[in-house]
Amino acid sequence: MTQPARLFLFVAPSSIPKSGAESRFASVPMLDLARQYAQIREEVLVAIERVCSAQHFILGAEVEALEREIAASTGASEAVGCASGTDALWLALLAVGVRPGDSVLTTTFSFFASATAIVRAGARPVLVDIEPHTLNLDPIKVEEYLRGGKFPGLRALLPVHLYGQCADMDAFERLAREFGLTLVEDAAQAIGASWRDRRAGSLGSAAAFSFYPTKNLSAYGDAGLVTTNDAEFAEHMRRLRNHGSPRRYVHDELGWNCRLDAIQAAVLRVKLPYIEKWNQQRRDRAAAYDRLLTQSGLASATIDAPVRPLAMTPHAHHVYHQYVVRAQRRDDLRQFLDDRKIGTEIYYPLPLHLQPAFAYLGYREGDMPESERAAREVLALPMFPELGEDEQQWVVESIAEFYS
Ligand SMILES: Cc1ncc(COP(=O)(O)O)c(C=O)c1O
């Protein structure tokens, strides 16, 4: 089967440093998973062999062990593995009680699945704009919406921890309490992130993670997981992921097949002990970009700077799933970098309220000005733990040359 186009967009071949004083590179990829594989190859092959020897490929001991290990690492008491981050969102929404006829509020500036999972749960997405410095869901706009009183059937808030930085969970907890809503995290991009001293995954009633191959903690295929502190929610999700079946060939309700494969769980268990180190390396790479962009005179928070890095929120421990800047003449810059084989990506070129598939929600261009502006300006630069500072220098020099 053909791989999703998304994967090809992200994964470029290993860069080949050229010798010489100019520090030029044949390419700098957005993400180079081969460098990670080189570090953990032996461990991964042993883990896959363990599953092949056991001949137990779906759920089972590997998945249960991963669930325990991820629950422990996020501070949640329960974890339920499943087939993707999209399925994790769907399971989480159903488990917390979202039903047909309800609505769920989320950001308009996210991957499509944040909203499609709501639809799949039978509910209607309510989309709200972002705040401009982090591009996370804006709590002030959410509060305005809630105080406006136009939310019949609103059941849950679904903030997304965009690019690896937690949304303002103080504000969303307060609003959820005041308006009697359930708080669910879309933590697909945020494994290892935290808000104050609490980890993403333990900040709401349930949280969805994705282990898509480009994520900070990534499987060798599709995989996802939900964390929760509620044992009943967890049991319900275990049934839902297996056709709503509490025991063989008995189906209490309509679930789906979205079980997690043992091979994916085994690979993830190899990688999990490295995630703190890898996330710290991402943070170091982000600090290096900040420094290099500032030193080059390109970056500042002022509106007329050619390149503006996004803000770090003081209470958030950011794990830089992506390092994103706002750039003037973004599309021309991207083409210039592409000509030098420097990988970049746009997350996201079209906010959810303008997606053709959501036309039925009735939003119009101009409804969410911050997201629409962000969609025109954002550019993600190469980011992965093994990225070399010399490669980053080359990226920043190239950006400087474009604006010179
Ligand atoms: C914010 C967000 N939510 C949900 C998902 C869906 O995860 P998956 O691709 O594993 O289904 C993703 C992954 O791309 C994501 O970035």
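By convention here, each chain's residues receive numbers from 1 onward along its written sequence. Restriction of local features to residues with pLDDT of at least 70 applies here, the model being predicted, together with a cutoff of 80 or more for giving and counting side-chain atom pairs; totals for whole chains, interfaces and linings are based on all residues. The side-chain quantities take in all heavy atoms of the structure and omit both hydrogens and water.

Caption draft 1: Structural context of the overall build of the protein. A run of DSSP states H or I qualifies as a helix once it reaches four residues; a run of E qualifies as a strand once it reaches two. Both are numbered from the N-terminal end. In terms of helices and strands, the protein carries 13 helices and 13 strands. Using C-alpha atoms as the atom set, the radius of gyration is obtained and then compared with a globule rule of 2.2 Å times the number of residues to the power 0.38. What you see for the protein is a C-alpha radius of gyration of 21 Å, in line with the 22 Å of a compact globule of 404 residues. In this scheme, a residue with accessible area under 20% of its type's maximum is buried, one over 50% is exposed, and one in between is partly exposed, where area comes from a 1.4 Å probe on protein chains only. Evaluated residue by residue, the protein yields a buried proportion of 56% over its 404 residues. Contacts in the protein between residues far apart in sequence, at least 24 positions, make up 70% of those at least 6 positions apart. Methods summary: accessible areas were calculated by the Shrake-Rupley approach with a probe of 1.4 Å, and residue burial reflects only the protein chains presented. When the accessible surface of the protein is split by element, carbon and sulfur atoms take 53% of a total near 17,200 Å². Distance from the positive charge centre (43 side chains) to the negative charge centre (51 side chains) of the protein: 2 Å. Any pair of residues with heavy atoms lying within 4.5 Å of one another is described as a contacting pair. Counting rule for charge: Lys and Arg are taken as positive, Asp and Glu as negative, and neither His nor the chain ends is counted. For this purpose, a charge sits on NZ of Lys, CZ of Arg, CG of Asp or CD of Glu.

Caption draft 2: Structural detail: the site of the ligand. Around the ligand, the surrounding shell holds 16 residues, and the nearest of these are G85, T86, D186, S210 and K215. Here S210 contributes a side-chain N or O atom positioned 2.7 Å from an oxygen atom of the ligand. In the complex, 97% of the free accessible area of the ligand, which totals 390 Å², lies under the protein chains. Listing elements by their share of the shell around the ligand, those giving two or more residues are α4 (85-95) and α5 (113-120). One heavy atom within 4 Å of a molecule or strand makes the whole residue count as near it. In the analysis that follows, any N or O atom pair within 3.5 Å is treated as a polar contact, provided that within protein one partner can donate a hydrogen and the other can accept it, and provided that, for residues neighboring in sequence, both atoms belong to side chains.

Caption draft 3: Expanded view of the pairing of strand β1 (residues 78-82). Among the five residues in β1, five count as buried, and that is most of the element. In β1, alternate side chains face the same way, and those of E78, V80 and C82 on one face and A79 and G81 on the other are all buried.

Caption draft 4: Structural context of the sheet that holds strand β10 (residues 307-309). The pairing criterion for strands is at least two bridges between them, as found by DSSP. Strand order in the open sheet formed by three strands is β10-β12-β13, and the pairing between neighbours is antiparallel. Single-partner strands in this sheet number two, and they are β10 and β13 (378-381). Direction aside, neighbouring strands of the sheet carry axes that sit 35° apart on average. For strand β12 (residues 323-327) and β13, the ladder comprises four bridges, and the chain directions are antiparallel. Within β13, the residue paired with V325 across the bridge is L379. Note on method: axes are straight lines fitted to C-alpha atoms, helices fitted across the in-contact stretch only, with angles between N-to-C directions ranging 0 to 180 degrees. Along the sheet face, helix α10 (residues 275-295) touches β10, β12 and β13 and points at about 25° away from the line of β12.

Caption draft 5: Examining the packing of α10 against helix α13 (residues 389-403) more closely. For the pair α10 and α13, the least separation of the axes is 10 Å and the interaxial angle reads 35°. Considering only the axes of α10 and α13, their crossing is right-handed. Counted together, R285, A288, Y289, R291, L292 and L293 of α10 and E389, Q392, Q393, V395, V396 and I399 of α13 form the full contact between these two elements. Lys, Arg, Asp and Glu make up the charged group, whereas Ala, Val, Leu, Ile, Met, Phe, Trp, Tyr, Cys and Pro make up the nonpolar group; the residues left over, Gly among them, are polar. Here the contact of α10 with α13 is composed, by residue class, of seven nonpolar, two polar and three charged. Each crossing is labelled by how the near helix is turned from the far one, with a counterclockwise turn of less than a right angle marking it left-handed and a clockwise turn marking it right-handed.

Caption draft 6: Expanded view of the side chain of E386. Relative to the assigned elements, E386 resides in the loop between β13 and α13. Despite its burial, E386 pairs with no opposite charge, the nearest such side chain being R35 at 6.3 Å. Ignoring any residue separated from it by four or fewer positions in sequence, one finds E386 in contact with D32, R35, Q36, Q39, W278 and E391. By salt bridge we mean one thing: a side-chain nitrogen of Lys or Arg within 4 Å of a carboxyl oxygen of Asp or Glu.

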